[in-house]
Amino acid sequence: MESLFDLHMCNVICRKPLTIHKLQNLKILTYISIYDWTYEVLGSAMMVNLEKLGIEEVDENTEVGKLFSSLAMLRCLDHFILKGALSSLALVNTCLGEDPMPVLEKFAALELLKLRIAYIGREMVVCDGFRKLQLLRINELWNLRKLQVGKGGMQVLKELEIKNCPRLDTLPEEIRSMKCLKKFQVVTNRSRGVQRESERKLHTLMIGTYMLFSKGSNSLFNNPLHRVKKPYPRSCGVVFQTRMPKSVHHNAENSSRWVVIGVGVGVAGVLIATYYVLRFMLLWVVIGICIAADVYRRQLRPRSTVKEDCGAMNINLSGNTSESIILVAIQKMERVLDFNVDNGWDRYIDETDYRILEEVINELRMVVDFLRDKSSGERSLLQHLVAEFADAARHSAELVMERKFTELDNALGWVMKSRMLVMEAGAGEKEIRPQSVGVVGLEKDVKQLCKVILNEEPGLVTMCVKGMVGVGKTTLATQVYNNAAIVERFKHHRAWIALSSDTDTHEMLVNLIQQLMEQDGDSLLVEEMGKWSLMDMICDHLRRIPCFIVLENPPPNINFTYFFLRLRRVGMYVRLYFLRNGSRLLITSRREVTTLEVYYTHEMKSLDSDQSWKLFMKIVDKFTGHENKLSKELESRGKEMLKNCGGLPIAIIDVGRQKAKERLSGIAWEEVFDSIDLSESLKKLEPMYHELDGELKACFLHMSFFKENAIMRNEKLEQIWAVSGLKTRRFAWATRVKSKCTYDLSSQSIIEVLDPYQITKEEVKRCRMNPLLHKLSVKKAEEEIGFEVLSSNGNNKSAQNPSHRVIHCGREMFIQTTNQEKNLVSLIFHGGGRYLDDAGQSYWNNFELLKMLDMEDFGVKTLSETMGTLIELRYLGLRNNYIQEIPHSFGDLKKLEVLDVALNFMVEMPGNILEIGSLHHIYMSNVIYQEPLKVDALENLETLTYISIYDWMYEVTSLEKMICLQQLGVEEVDENSDAGKLFASLAELEHLRHLTLRGFRFRSIPCLDNIGMVDRLWTLKLDGLLSRLPSANNFPQGIKYLALVNTCLDEDPMPLLKNLPWLECLKLRNAYTGRIMSVQFNGFADLLVLHINELWNLRNVQVEEGAKAMLEQLEIKNCPRLDTLPQEIGSMKRLRKFKMVTTKRIATKIRNSGLMSKIVEVDISP
């Protein structure tokens, strides 16, 4: 189609390579991909009529110099358009014949531009473009004589650097109007022809525009400061350098030699003056004195060492803080500089790379000097930006140590940009400016916290962001702190306090005053004031203005709540103030806050698979410098690899950096995803282990027995700990009561509680440990308690004298060993049951000391009679297998305390099992007994679930022996059962607190009118058909937890249940078949949790007096005909969590109703 004149297209996929140059008549072409453009000069020259050209998909991989060379052949080109998101660009050795600036102005997103030997012309013109350009570096443009800048050009430029442009003797006057310019640097070289007149002109312009200061030993002008006609901001300045001869500049260490040379040159000048004109003598004398003086000045004013910087900033060089990382990087790179000075240029590094290395060190030094002048509180505000800068510093140091100087120039751009962000944030208002990279999946969390902060609660509202190390607590708090609505609400009255173990109350109060009250112009020396005076000062300030305060990671040993508690005790006036003020306190911590009344605790969750992948790719793209697009197959492999990170951002970021380095070293993506190194991430998690006390450390180590990412039942955890000789309950000094170890571990974010609908925080039913913490548990267990892991795939971690062993069995044939089994105390099987199928009868004879044997979910079909020889066994876990018969020899396990054979269909059990007097817990169901049961023989029994109602013993003399029974499950209850007789017998059990009644298939449970006889119950679960509920007077009055499952009641149970005085948690699942449910909150005085599930016919829920409700959690699931909710739900002031699972249509309708606008956690999903 050679006759084509105009061609318009966008995002076109070309099946064959394009031959655009054949369209010689083409005048307009928009848009063509940069990758489809013809670069050949001959091809471009054939398109003689092209007037308008648009190129898309321009990114960091674009060969810009090659592009411009081809465009220079288009003689008629008037309009040129670039589409892309290019933010940084470097043209090196392109030697363009035409000015590149008119084209580069088209890059609207360009922030960093570097030109080095990029243009051979004499004049460079910048019109009104570069609206976002922040850094411009011009280097080695040898022919450049004139630089022109339009009035609107480069208005946000912050740094301008001109090096080695010997013929550029004037600068544009428009530089004066660049209000954002904070650093201007000119480096000239006398050996390349810069004349004194040119220097004088540049000097005159600078003195008339900026403050001028000298830098190092290489300053051309030694005046420290000049008064200016148009003062510029204090943070701005000019560095104007003239390079000394190489030998002088780099060998100043040999000071004595240069002193001698300088004096000698001066003497030579005097001698020569006897024969020549006086001016030559003076010239030589001045040169010699300058050289000597320069060397002496370098001796008297040496640069500060890294150790001195550490002392000035109170930094431990061996630590892992951002500041120490920066200082170590400086130390490494300066060592390279010193080595190069001693050994000469050509033996180690060339001059160009040397200059770049100097610039990198200079950037790092600037940040160190900047941070040295900041207080600890001010540095804490910048810690996220400083951490970003530290990453750039570490990366640069690694490049230097690995001799990758060709990549150092790109690293310099990253360092400079990070340094600008740090200094901008530190120079302005104390506001954190987080980086967008590394922030993934927090939108919902930010919205929830902002909803609490911006609510109409009048008093001091305390919130807590809780989660394990590296899960993103500080990142979330940062996003909230800088949220536009929060900034608008609290104006300049926000404070961020980063606490550590060495922070005292006085330091915290001083930091708080400095941040909250600096806008008030208070000039008092608060550092010298006493603690009580500081408190009064803050109270006086808070009486007038609401504030938002963030306390970051308070250590457990600091009494950070002292001040906030005092605010409520200093007097009624302050208390009345808080009733109308509305200040907010946000605490980020991995521990439960118990010393303050917390209005809302936000539990941080790990990232899911998609979020983890998104964060990983952001990190990889950032370090590789371009966007990486992978196939679906590679993405799937990458997500599988990231599962090892457990959705923990800190681990994903570490892995992203590792993989980016591997990719930059030339390793293919297919090989990159083959392995993963989590050693660095595990080191960052170790403080969580070391900060546990001795008892909790032991509990943590024994959690290595479970599968990775397994859901752990609380009762199983406690039983394993008890069998191992550990305490399951301990005295907590914070609450002055005994608490369960599972609660203490969850309060320190070691485990995640999976059942949010619980009566109290201590009632942990199911939990899970993050996979990365599980790896740490395995690692520490191997080091401290003789733990080993054997696997059928050969990936074994054997111990020398193991006490605890986990065996992972797969499809591969497992080679059994008999070594070191006599010392085993714990043996746990994971995977498939083929291992035991291949084991011989004598296998179990080797375990003489075995106390714990767990084969849950192992697929076991048969059990060996020789297992009866495990006479020390105390825990036997056989849940969820295919076992049909329990060997008779199990009756010889006289020390057995826990027997779990639940979820094995129709298991035949010998009668002698229930004669083991040491049994404390029995879990079973659908069991066939070979002999009549004698339950009364189990005097130590605490848990028995489930036993058939027809096997229960009713004799009072037998029941009196079961003084320890606390939890009982009775099954096969039907209309033929004598429920009255059952309840009469249960009334004899003084310590029975938890009862479950389960019906037999589809038969009805008989009338339960006599259940009130069992008046000591706390929890009651009824599972089976019920014609009606007993009256409120016939219910156990102490019930706190009630679950009705599959009862299919015809009448609404709510009017009856509201009269239970202590009811806190109510769960209904397939419990009611009616259409209308009425909830009256003049009853339900203590109801905190309401869970409604599978009420298929429910169409309307009526709520009365919702404002009086104490309800905190409400869940409605699988009620497909319930398409509206009562308006009273919105008036429940204590309601924090609402979850609804319904159809897509109803979910959309409920979301759009605005009813849930005041509820903090809302999850409505189809």
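Below: a short report on this structure. Note that the structure is a prediction, hence the values are computed from the model and not measured.

### Considerations on the overall build of the protein
Step number 1: Check the secondary structure of the protein and you find 34 helices and 44 strands.
Step number 2: Every one of the 1166 residues in the protein was classed for burial, and the buried ones make up 52%.
Step number 3: The contacts of the protein with a sequence gap of at least 6 include a subset with a gap of at least 24, amounting to 59%.
Step number 4: For the protein, the accessible area works out to roughly 54,100 Å², and carbon and sulfur atoms hold 51% of it.

### A short note on the sheet that holds strand S16 (residues 548-552)
Step number 1: Strand order in the open sheet made by the five strands is S15-S16-S17-S14-S18, with parallel pairing throughout. A strand with exactly one partner marks an edge of an open sheet, and here the two such strands are strand S15 (494-498) and strand S18 (600-603). Averaged over neighbouring strand pairs, the angle between their axes works out to 15 degrees when direction is ignored.
Step number 2: When S15 meets S16, the two strands line up parallel, connected through five bridges. If you follow Ala-498 over to S16, its bridge partner there is Glu-552.
Step number 3: Sheet strands touched by helix H14 (residues 443-453): strand S14 (461-466), S16, strand S17 (584-589) and S18. Its angle to S18, the strand with the most contacts, is close to 175 degrees.
Step number 4: Of the strands in this sheet, S15 and S16 touch helix H17 (residues 505-516), which is tilted by about 150 degrees from S15.

### Overview of the pairing of strand S41 (residues 1100-1104)
On a regular strand, one side chain projects to one face of the sheet and the next to the other, so that they alternate.
Step number 1: Here S41 shows one buried face, formed by Val-1101 and Val-1103, and one open face, formed by Asn-1100, Gln-1102 and Glu-1104.
Step number 2: Judged from the five bridges that link them, strand S39 (residues 1076-1080) and S41 form a sheet pairing that is parallel. Following the sheet pairing, Gln-1080 is matched in S41 by Glu-1104.

### So, the pattern of salt bridges
Step number 1: Taken as a whole and judged by the stated rule, the model has 41 salt bridges.
Step number 2: Arg-713 serves as the salt-bridge partner of Asp-900, at 3.4 Å between the closest nitrogen and oxygen. Taken together, the residues span a long stretch of sequence, with Asp-900 in strand S29 (residues 898-900) and Arg-713 in strand S19 (residues 711-713) at a distance of 187 residues.
Step number 3: Of the residues examined, Asp-900 reaches a relative accessible area of 2% and is grouped as buried.
Step number 4: Put simply, Glu-783 and Lys-780 hold a salt bridge, and the shortest N to O gap is 3.7 Å. One end of the pair, Glu-783, and the other, Lys-780, are both in helix H29 (residues 771-784), three residues apart, so they sit about a helical turn from each other.

Thresholds, definitions, all that
- Residues numbered from 1 in each chain as written.
- Predicted model: local features only at pLDDT ≥ 70, side-chain atom pairs only at ≥ 80, totals over all residues.
- Heavy atoms only, no water.
- Helix = DSSP H or I, 4+ residues; strand = E, 2+ residues; numbered from the N terminus.
- Buried < 20%, exposed > 50% of the residue type's maximum accessible area, 1.4 Å probe, protein only.
- Contact = heavy atoms within 4.5 Å.
- Areas by Shrake-Rupley, 256 points an atom, 1.4 Å probe, with all protein chains shown as cover.
- Pairing = 2+ DSSP bridges.
- Axes fitted to C-alpha atoms, helices over the stretch in contact; angles between N-to-C directions.
- Salt bridge = Lys/Arg side-chain N within 4 Å of Asp/Glu carboxyl O.

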